[in-house]
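Breakdown of the fold
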Amino acid sequence: GLYTAGFVSFHLLNMAGAAAEASVDTEVIESLILKTVDTTGSIANTQEFASSNGWDHLVVGGCVKSLESRNILATTVQESAAWLVTEEGRKVIEAGSPEMRVFRMVPSDGILVKDLQAVGGDIFRV
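So, here's what we can say about the structure. (Residues numbered from 1 in each chain as written. Predicted model: local features only at pLDDT ≥ 70, side-chain atom pairs only at ≥ 80, totals over all residues. Heavy atoms only, no water.)

1. A word on the overall build of the chain
- Across its full length, the chain holds six helices and three strands.
- Secondary structure elements of the chain, listed N to C terminal, follow the sequence β-α-β-α-α-β-α-α-α.
- Per-residue burial over the chain gives 23% buried out of 126 residues.
- If you take every contact in the chain between residues at least 6 apart in sequence, the share linking residues at least 24 apart comes to 71%.
- Carbon together with sulfur atoms contributes 55% to the accessible area of the chain, which is approximately 8600 Å² in total. (Helix = DSSP H or I, 4+ residues; strand = E, 2+ residues; numbered from the N terminus. Buried < 20%, exposed > 50% of the residue type's maximum accessible area, 1.4 Å probe, protein only. Contact = heavy atoms within 4.5 Å. Areas by Shrake-Rupley, 256 points an atom, 1.4 Å probe, with all protein chains shown as cover.)

2. Structural notes on helix α3 (residues 57-69)
- Here α3 is 13 residues long and its end C-alpha atoms lie 18 Å apart, about the 18 Å a rise of 1.5 Å per residue gives.
- Residues of α3 that are buried include every one of H57, V60, G61, C63, V64 and L67, and no others. In an axial view of α3, the angular spread of the buried residues amounts to 160 degrees, which keeps them on one side of the axis. Away from its buried face by more than 90 degrees, α3 exposes L58 and S69.
- Regarding α3, its N-cap is D56, as a side-chain oxygen of that residue lies 2.6 Å from the backbone nitrogen of L58 further along.
- Downstream of α3 by a residue or two, N71 has a phi angle that is positive, lying close to 60 degrees. (Expected span 1.5 Å × (residues − 1). Arc of directions from axis to C-beta. Polar contact = N/O pair within 3.5 Å; in protein donor to acceptor, adjacent residues only side chain to side chain.)

3. A closer look at the environment of V106
- The topology assignment puts V106 in the loop between α5 (98-105) and α6 (113-120).
- Overall, V106 belongs to the partly exposed group, its relative accessible area being 36%.
- Considered as a pair, V106 and L116 are ten residues apart in the sequence and their alpha carbons are 7.4 Å apart.

4. Description of the packing of helix α1 (residues 27-40) against α3
- Running from amino to carboxyl end, α1 crosses α3 at an angle of 65 degrees, the nearest separation of the two axes being 10 Å. Taken together, α1 and α3 sit at an angle that is classed as roughly perpendicular. Here the hand of the crossing between α1 and α3 comes out right-handed. Together, I29, E30, I33 and L34 of α1 and V59, V60, C63, V64, S66 and L67 of α3 make up the contact between the two elements. (Axes fitted to C-alpha atoms, helices over the stretch in contact; angles between N-to-C directions. Parallel < 35°, antiparallel > 145°, perpendicular 65-115°, else oblique. Left-handed = near helix turned anticlockwise from the far one by under 90°.)

Next comes the structure, spelled out in structure tokens:
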């Protein structure tokens, strides 16, 4: 199975003359956001920014919103979606679908269903 995960990125624009204040928990992240925006003029994608610095995007997004709420940054929202594999999907990738696994267990000369169920074990549990 697959599920969709939404990502919201912010395009950050420097607002000249804004004073920065950061909490202890987010001080490093906010400082790098401000330094990057000051140096480059913007951060085009906060998802990539967070990933490249080893941070959770939700934390970076919170810092961005905090800076925006204090009129330190202006943002524009860019939404995107990605497909991620679920745990069940990983099992199918590794072992094949339950149907394919059953198909592989059937010998060329056939097998009784009860014998197949005895051999198949977990495949037949729903």
